Amino acid sequence: MPMTAPDFDRYFTPGHSFVYESGESGTLAVAVAGELWLPSGEVIACDPFIGLGGGWTKPFTTRVAPGRYRVETAIATLFTPGTDPGGRPHLRTAAARLVIRDTGTATWEQAVTEGQDVSGLGDGEFFGYGVDAGAGCFYDRAADDSFPDCEGDEGPLWDAFEGAGHAPGPYLVAGEHGHNIAAFGSGWGDGHYPTWVGRDADGEVTCFVTDFFVVPTKEDAAA
């Protein structure tokens, strides 16, 4: 069967800790980027340095009411036994969440774009977006062409990462015509990462969450 969603509640519980089989441990904190404007309610998630602009990155089929919604990230501080972390902690983005409503999530489903069908996935498989520049993001489809200067290592998005020493963020970056984008480091860096849609008991969308595979599953974590 396709991949099932992990327990995202623990990702966004400040102080939650975990331990890898290697003995390395981590503690989670929540960092708020701010409010993302969704004028169309069509959500896109991708590596912004390769997917932003041009209109070729598809939005998810799950749409929400236009509005402004909070984006936050679960930041893991990692510790290796017997080593001195020095002056700069080892931080990784464990997950990023676009909060649509602050109600409890009862069910999870994979976020898909047009043409994707989860019934065709094999055991443990998932749909997601590829990362080739160590970053992920959320933005509205209407904002796709609002960042003409963001190409490669130029523009306000690159400046945000560069100015913070490429820390995991999150970053809320303004574009043209009032649009913005919420960006963040992508866990361990390049790879392929799934986004999930949460729904409450009434079937209403509560959030979109991208998992960067930093928090181990119960099967992967040390006992």
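Before any of the text, the structure's been laid out above.
Cut-offs and rules
- Residues numbered from 1 in each chain as written.
- Predicted model: local features only at pLDDT ≥ 70, side-chain atom pairs only at ≥ 80, totals over all residues.
- Heavy atoms only, no water.
- Core = buried A, V, L, I, M, F, W, Y, C linked by side-chain atoms within 4.5 Å.
- Buried < 20%, exposed > 50% of the residue type's maximum accessible area, 1.4 Å probe, protein only.
- Helix = DSSP H or I, 4+ residues; strand = E, 2+ residues; numbered from the N terminus.
- Contact = heavy atoms within 4.5 Å.
- Pairing = 2+ DSSP bridges.
- Axes fitted to C-alpha atoms, helices over the stretch in contact; angles between N-to-C directions.
- Phe/Tyr/Trp six-rings, centres within 6.5 Å; stacked < 30°, edge-to-face > 60°.
- Lys NZ or Arg CZ within 6 Å of the ring centre and 35° of its normal.

Caption draft 1: Spotlight on the nonpolar core. Of all hydrophobic cores here, the largest spans 23 residues; its most connected members are Val71, Leu98, Phe138 and Phe208. When contributions to this core are tallied by element, the ones reaching two or more residues are strand S2 (25–38), strand S3 (43–46), strand S4 (67–79), strand S5 (90–99), strand S7 (129–131), strand S10 (180–185) and strand S13 (205–211). Looking at this core element by element, the count peaks at 3 residues for S2. If sequence neighbours within four positions are ignored, Phe208 has contacts with Val43, Phe60, Thr62, Val64, Ala96, Arg97, Leu98, Ile100, Phe138, Thr195, Trp196 and Val197. If you look at the next biggest cluster of nonpolar residues, it comprises 16 residues, including Tyr20, Ala74, Cys207 and Val215.

Caption draft 2: Spotlight on unusual backbone geometry. Omega for the bond connecting Gly169 with Pro170 falls within 30 degrees of zero, at 15°, which places this linkage in the cis form. With respect to the helices and strands, the residue Pro170 is situated in the loop between helix H3 (156–163) and strand S9 (171–174). Even without a glycine there, the phi angle at His166 is positive, about 60°. Looking at the secondary structure, you find His166 in the loop between H3 and S9. Classification of His166 by relative accessible area gives partly exposed; the value is 41%. The backbone of Phe213 shows a phi angle near 60°, a positive value even though the residue is not glycine.

Caption draft 3: Focus on the pairing of strand S8 (residues 135–140). Burial analysis of S8 places 6 of its 6 residues in the buried class, which makes it a mostly covered element. Of the two faces of S8, both are covered, the one formed by Ala135, Cys137 and Tyr139 as well as the one formed by Gly136, Phe138 and Asp140. Across 4 bridges, the pairing between S3 and S8 is antiparallel. Its bridge partner being in S8, Val43 is matched across the sheet by Asp140.

Caption draft 4: Broad picture of the sheet that holds S13. On the basis of which strands lie adjacent, the open sheet formed by 7 strands has the order S1-S2-S4-S5-S13-S12-S6 and antiparallel pairing. Each end of this open sheet is capped by a strand with a single partner; those strands are strand S1 (17–19) and strand S6 (107–110). For this sheet, the mean inter-axis angle between neighbouring strands, taken without regard to orientation, is 30°. Here S6 runs beside strand S12 (residues 195–199); their pairing, made up of 4 bridges, is antiparallel. Each bridged residue has a counterpart across the sheet, and for Glu109 the counterpart in S12 is Val197.

Caption draft 5: Main features of the sheet that holds S9. Spatially, the 4 strands line up as an open sheet ordered S3-S8-S10-S9, and their pairing is antiparallel. In this open sheet, the two strands that pair with only one neighbour each are S3 and S9. Here the strands of the sheet are splayed against their neighbours by 20° on average, with no regard to which way each runs. Sheet analysis places S8 next to S10, joined by 4 bridges and oriented antiparallel. In the sheet register, Phe138 faces S10, and the bridge partner there is Ala182.

Caption draft 6: Geometry of the environment of Pro48. Tracing the backbone through its elements, the reader meets Pro48 in helix H2 (residues 48–51). Spatially, the C-alpha atom of Pro48 lies 18 Å from that of Val112, the residues being 64 residues apart in sequence. Setting aside its immediate chain neighbours within four residues, Pro48 contacts Ala135, Gly136, Cys137, Leu157, Ile181 and Ala183.

Caption draft 7: Just the packing of aromatic side chains, in detail. All told, the structure shown has 12 aromatic pairs when counted by the stated rule. Pairing Tyr193 with Phe212 gives two aromatic rings, centres 5.0 Å apart and planes at 75°, and the pair type is edge-to-face. Highlighted residues: Tyr193 in strand S11 (residues 191–193) and Phe212 in the segment after S13, separated in sequence by 19 residues. The exposure classification of Tyr193 matches that of Phe212, with both residues buried. Ring pairing ties together the aromatic residues Phe126, Phe138, Phe184, Tyr193, Phe212 and Phe213, which thus form one cluster. It is Arg97 that lies over the ring of Phe12; its NZ or CZ is 4.0 Å from the centre.

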